[in-house]
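Close look at the chain arrangement
Each chain, letter by letter, is given below.
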Amino acid sequence: MKAIGFKKSLPISEPNSFIAFETEKPKPEGHDLLVQIQAISVNPVDYKIRQNAAKDQKLDTPKIIGWDAVGIVEEVGEEVSLFKAGDAVYYAGDLTRSGCNAEYQLIDERIVGRKPKNLSLAEAAAMPLTTLTAWESIFDRIKYNEATDKGKSILFLNGAGGVGSIAIQLAKKLTGLTVIATASRDETRDWCQKMGADFVVNHHNLKEELEGIGHTQIDYILDFVDLKEYWQQLADLIKPQGHILSITGSSDPLNLNLLKNKSVTFSWELMYTRSMHQTPDMQRQHDILNRAADLFEDGTLQPTVTTVFEGFSVENLKKAHELQESGTSIGKNVIVY
């Protein structure tokens, strides 16, 4: 099968930042599905791993990355019970295994969902990683409870990004929260409003903008952009007994003492935790993706794809990485095979 990978972490402009090569088609065992891939999406995690995975050494075998795919199940392992050959599926993958930048991939059935019937290949490929991340953030980490949390406020930093785009929709459609998103450009502000945000504020002037809409303190703050840069502001803006969540990490230790007097909860969200550690509730991702498929099909949620590249090639993969690295991407970027 054809695959695209890299042996050395290089700037995306370098000729060998990605290389195409032939490798053996894998064989499914256990809970694995062998999926013939039809489309993939590119996320910030892709370029971050490409930039760092082979920084100090050249790999003997090219590393295949990529997390977001849609395709057809071709073959199943002996323990598979959720899918059969011929099923159309979508999924976000597993950091510990070979990625989806290939013609075929092995993926554990417990983190795979049925492809939404009404979405195109491009639309479906765009959604798994961001939907899982946003869903887990709101319902598994913050643990939104309609009985106690209705009417509270939630702030998404980077509302026009991939995760922010679907998080706004989930919070607006499935909770009773007041949804606030950050954006600074006209096109990103418009996008956040299109996704359903009640308010859009400029992150360059966050405190004053929130005061201007009557929300001087926020119940839930979700960081989808840069925790280190915003940490002091978030500590100031969060309500007593509120909850801050981040998906971005920090290069420096965080001063959690800033949260102590307010009894604030802080959580990380990593969509790969369940697959990486084979947690007992690993199949929840299968359930979330299937529930999301229902919501796409009934029109509650809308896909967030904005850019589509036609053809699985080194050139298109480079273009998609360049767009992600630019920091100007809105919604999701997809490559259709």
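Each remark here, short or long, concerns the structure printed above.
Residue positions are counted from 1 within each chain, in the order its sequence is given. Given that this is a predicted model, residues contribute local features only at a pLDDT of at least 70 and side-chain atom pairs are listed and counted only at 80 or more, while totals for whole chains, interfaces and linings are drawn from all residues. Neither water nor hydrogens contribute to the side-chain values; these are computed over all heavy atoms in the structure.

Some points on helix α10 (residues 284-297)
Residues three or four positions apart in an α-helix share a direction because the helix packs 3.6 residues into each turn. Helix and strand definitions follow DSSP, with helices as H or I runs of at least four residues and strands as E runs of at least two, each counted in order from the N terminus. A helix's residues, less one, multiplied by 1.5 Å, set its expected span. Taking 1.5 Å per residue, 14 residues should reach 20 Å; α10 reaches 20 Å between its end C-alpha atoms and fits that length. Partly exposed describes any residue whose relative accessible area lies between the buried limit of under 20% and the exposed limit of over 50%, with all areas from a 1.4 Å probe on protein chains only and scaled to the type maximum. Here α10 has its buried residues at Gln285, His286, Ile288, Leu289, Asn290, Ala292, Ala293, Leu295 and Phe296. If you follow the buried residues of α10, they end up packed against β5 (88-91), β7 (112-114), α3 (128-141), α5 (162-174) and α9 (273-276). In the segment just after α10, glycine 299 is the residue with positive phi, at about 85°. Any pair of residues with heavy atoms lying within 4.5 Å of one another is described as a contacting pair.

Some words on the packing of aromatic side chains
By convention, a stacked pair of Phe, Tyr or Trp rings (six-membered ring in the case of Trp) has centres within 6.5 Å and planes under 30 degrees apart, an edge-to-face pair has planes over 60 apart, and any other such pair is tilted. According to the stated counting rule, one finds eight aromatic pairs in the structure shown. Ring centres of phenylalanine 6 and phenylalanine 18 lie 6.4 Å apart, and the angle between their planes is 75°; on these two criteria the pair is classed as edge-to-face. One end of the pair, phenylalanine 6, is in the loop between β1 (2-5) and β2 (19-22); the other, phenylalanine 18, is in the loop between β1 and β2, with twelve residues separating them in the sequence. For the residue pair phenylalanine 6 and phenylalanine 18, the accessibility class agrees, reading buried in each case. Aromatic pair tryptophan 231 and phenylalanine 266: ring centres 5.4 Å apart, planes at 85°, arrangement edge-to-face. Here phenylalanine 266 lies in strand β13 (residues 265-268) and tryptophan 231 lies in helix α8 (residues 227-237), a separation of 35 residues in the sequence. In this pair, the class of tryptophan 231 matches that of phenylalanine 266, namely buried. These aromatic residues form a ring-pair network of at least three members: Trp135, Phe139 and Tyr144.

Digging into the environment of glutamine 57
For glutamine 57, the location among the structural elements is in the loop between α1 (44-52) and β4 (69-76). For the pair glutamine 57 and lysine 7, spaced 50 residues apart in the sequence, the C-alpha separation amounts to 8.4 Å. Beyond its immediate chain neighbours, meaning those up to four positions away, glutamine 57 contacts Lys7 and Lys8.

A word on the pattern of salt bridges
Note on definitions: salt bridges are taken to be side-chain nitrogens of Lys or Arg within 4 Å of carboxyl oxygens of Asp or Glu. Tallied over the full model, the rule gives 22 salt bridges. One salt bridge in this structure joins aspartate 140 and arginine 274, with 2.9 Å as the shortest N-O distance. Taken together, the residues span a long stretch of sequence, with aspartate 140 in helix α3 and arginine 274 in helix α9 at a distance of 134 residues. For aspartate 140, a relative accessible area of 10% translates into the label buried. Classification of arginine 274 as buried rests on a relative accessible area of 6%. A single salt-bridge network, built from bridges that share partners, covers Glu136, Asp140, Arg141, Glu269, Arg274, Asp281 and Arg284.

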